[in-house]
Amino acid sequence: MNLRGKTALITGASRGIGRACALKLAESGADIAVNYSSNKVLAEEVVRMIRQMGRQAVAVQADVSRQKEAEAMVETAIDALGGLDILINNAGITRDALLIRMKEEDWVEVLNTNLSSVFFTTKAAVKYMMKKRRGRIINISSVIGMTGNAGQANYSASKAGIVGFSKSIARELAQRNILVNVIAPGFIETDMTNILSEKQKDAILSMIPLGRYGKPEDIANLAAFLASDESGYLTGQVIPVDGGMNM
Ligand code: NAD
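Residues numbered from 1 in each chain as written. Predicted model: local features only at pLDDT ≥ 70, side-chain atom pairs only at ≥ 80, totals over all residues. Heavy atoms only, no water.

### Re helix 1 (residues 16-27)
Counted at 1.5 Å a residue, the expected span for helix 1 with its 12 residues is 16 Å, and the 17 Å between its end C-alpha atoms agrees. Of all the residues in helix 1, the buried ones are I17, G18, A20, C21, A22, L23, L25 and A26. As for helix 1, its buried residues are in contact with strand 1 (7-10), strand 2 (31-36), helix 2 (40-52), strand 4 (86-89), strand 6 (178-185) and helix 9 (216-227). Once helix 1 finishes, G29 follows within two positions and takes phi at roughly 115 degrees, a positive value. (Helix = DSSP H or I, 4+ residues; strand = E, 2+ residues; numbered from the N terminus. Expected span 1.5 Å × (residues − 1). Buried < 20%, exposed > 50% of the residue type's maximum accessible area, 1.4 Å probe, protein only. Contact = heavy atoms within 4.5 Å.)

### Focus on helix 6 (residues 153-173)
Along its 21 residues, helix 6 runs 30 Å from first to last C-alpha, staying within 8% of the 30 Å computed at 1.5 Å per residue. The set of residues buried in helix 6 consists of N154, Y155, S156, S158, K159, I162, V163, S166, I169, A170 and L173. Each element contacted by the buried residues of helix 6 is listed here: helix 4 (104-132), strand 5 (135-140), helix 5 (144-147), strand 6, helix 7 (191-194) and strand 7 (238-241).

### Some words on the side chain of S228
By the element assignment, S228 lies in the loop between helix 9 and strand 7. When its relative accessible area of 0% is taken as the criterion, S228 is described as buried. A polar contact of 2.7 Å, which involves the side chain of S228, links it to the backbone oxygen of F225. Polar contacts involving the side chain of S228 include one to the side chain of E230, which spans 3.2 Å. When neighbours within four sequence positions are excluded, S228 is seen to be in contact with M1, L3 and R136. (Polar contact = N/O pair within 3.5 Å; in protein donor to acceptor, adjacent residues only side chain to side chain.)

### Focus: the site of the ligand
As a matter of local geometry, the ligand sits amid 28 residues, with R15, N90, Y155, I188 and T190 nearest to it. Between N90 and the ligand, the recorded distance is 2.7 Å, taken from a backbone N or O atom to an oxygen atom. G186 places a main-chain nitrogen or oxygen 3.3 Å from an oxygen atom of the ligand. For the ligand, whose free accessible area comes to 820 Å², the fraction covered by protein is 93%. Elements represented by at least two residues in the shell around the ligand include exactly helix 1, helix 6 and helix 7. A per-element tally of the shell around the ligand places helix 7 first, with three residues. Its residues assigned to classes, the shell around the ligand comprises 11 nonpolar, 13 polar and four charged. (Near = heavy atom within 4 Å. Areas by Shrake-Rupley, 256 points an atom, 1.4 Å probe, with all protein chains shown as cover. Nonpolar A, V, L, I, M, F, W, Y, C, P; charged D, E, K, R; others polar.)

### With respect to the packing of aromatic side chains
Ring pairs (aromatic) are described by centroid distance and by the angle formed between their planes. Inspection of every chain in the model, using the stated rule, returns two aromatic pairs. Centre to centre, the rings of F119 and F120 are 5.7 Å apart; their planes meet at 55 degrees, and the pair counts as tilted. In this structure F120 comes out as buried when scored by relative accessible area, which is 12%. Geometrically, the ring pair formed by F187 and Y213 is tilted, given 4.7 Å between the ring centres and 45 degrees between the ring planes. Within this pair, whereas F187 is found in the loop between strand 6 and helix 7, its partner Y213 is found in the loop between helix 8 (198-205) and helix 9, the two being separated by 26 residues in sequence. Across the pair, Y213 and F187 agree in class, each one buried. (Phe/Tyr/Trp six-rings, centres within 6.5 Å; stacked < 30°, edge-to-face > 60°.)

### Comments concerning the sheet that holds strand 2
Strands pair in a sheet through their backbones, by hydrogen bonds, and they do so in one of two ways: parallel or antiparallel. Reading across the sheet, the seven strands line up as 3-2-1-4-5-6-7 and stay open at both edges, with parallel pairing between neighbours. The open sheet has two edge strands, strand 3 (57-61) and strand 7, and neither has a second partner. Taken over all neighbouring pairs, the strand axes of this sheet differ in orientation by 20 degrees on average, direction set aside. Both strand 6 and strand 7 contribute to a ladder of four bridges, which runs parallel. Following the sheet pairing, V182 is matched in strand 7 by V238. Contacts from helix 1 reach strand 1, strand 2, strand 4 and strand 6, with the element oriented near 175 degrees to strand 1. (Pairing = 2+ DSSP bridges. Axes fitted to C-alpha atoms, helices over the stretch in contact; angles between N-to-C directions.)

### Considering the nonpolar core
Grouped together as the largest cluster of nonpolar side chains are 34 residues, with contacts concentrated most on I10, L25, I32, V34, I50, I88 and I183. Broken down by secondary-structure element, the contributors of at least two residues to this core are strand 1, helix 1, strand 2, helix 2, strand 4, strand 5 and helix 9. For I88, the residues in contact, after removing those within four places along its chain, are L9, I10, T11, C21, L25, I138, I140 and A223. Membership of the second largest hydrophobic core comes to 25 residues, among which are A62, I137, I169 and A170. (Core = buried A, V, L, I, M, F, W, Y, C linked by side-chain atoms within 4.5 Å.)

What follows is the structure in structure tokens.
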């Protein structure tokens, strides 16, 4: 994939899938804005690695669940990198509980962080991309957004919401040459899934036809393709990367 001359903003990019996307896009030639919410040290490390590849990079602190911070983040990224061609909405959290035990704050926090953030960030980025008449939006959902999962009603609703949001704006923005697609990861080995017990992990593994958990790089490889000119006839799609878990 050749992303030379392109600029990308990736939310929640100090670790996990976001970090892998930042490094892959940089390796493919893009300059990168690395958003983080609290871990500046990890974000600066990603920036350092990208600069070592000869690309521009900047760390941008923002809690993307807050509209003003999301808007300021997009502005800072555009100013620092001189433009914005690619936005990857990756930041996300879980607050798992069965419905009858789920607190209102678990619901609100997950919906704000996983879904409202995508609205805030995308709206700010699209204002710029519409003027340029080009752009790529890549939203990270989950297979759980399609299948549901006991104990994850809030998370599943937020991830299903990303799908509806993305398809709607893909239709709105196609004429402006702004392409919007969704990646739906299966089980990927990151800090988010490390909290599961070995028993839970084994149960998940038994449902994966390819017989292994996913790696953050498995998601990053598709993100790089969706960011590239080679995927120019692809919009409004939800692409699972799950080892065949959800056929
Ligand atoms: P992770 O916990 O390692 O990464 C999530 C990142 O989002 C962290 O860097 C975190 O700081 C950031 N973040 C959280 N709240 C934020 C906020 N308010 N503002 C800015 N950044 C914030 O987990 P991950 O597995 O790398 O998850 C990345 C994305 O992939 C998430 O949206 C997650 O829902 C999705 N996903 C992960 C899996 C999996 O199996 N790991 C599966 C499906 C979907």
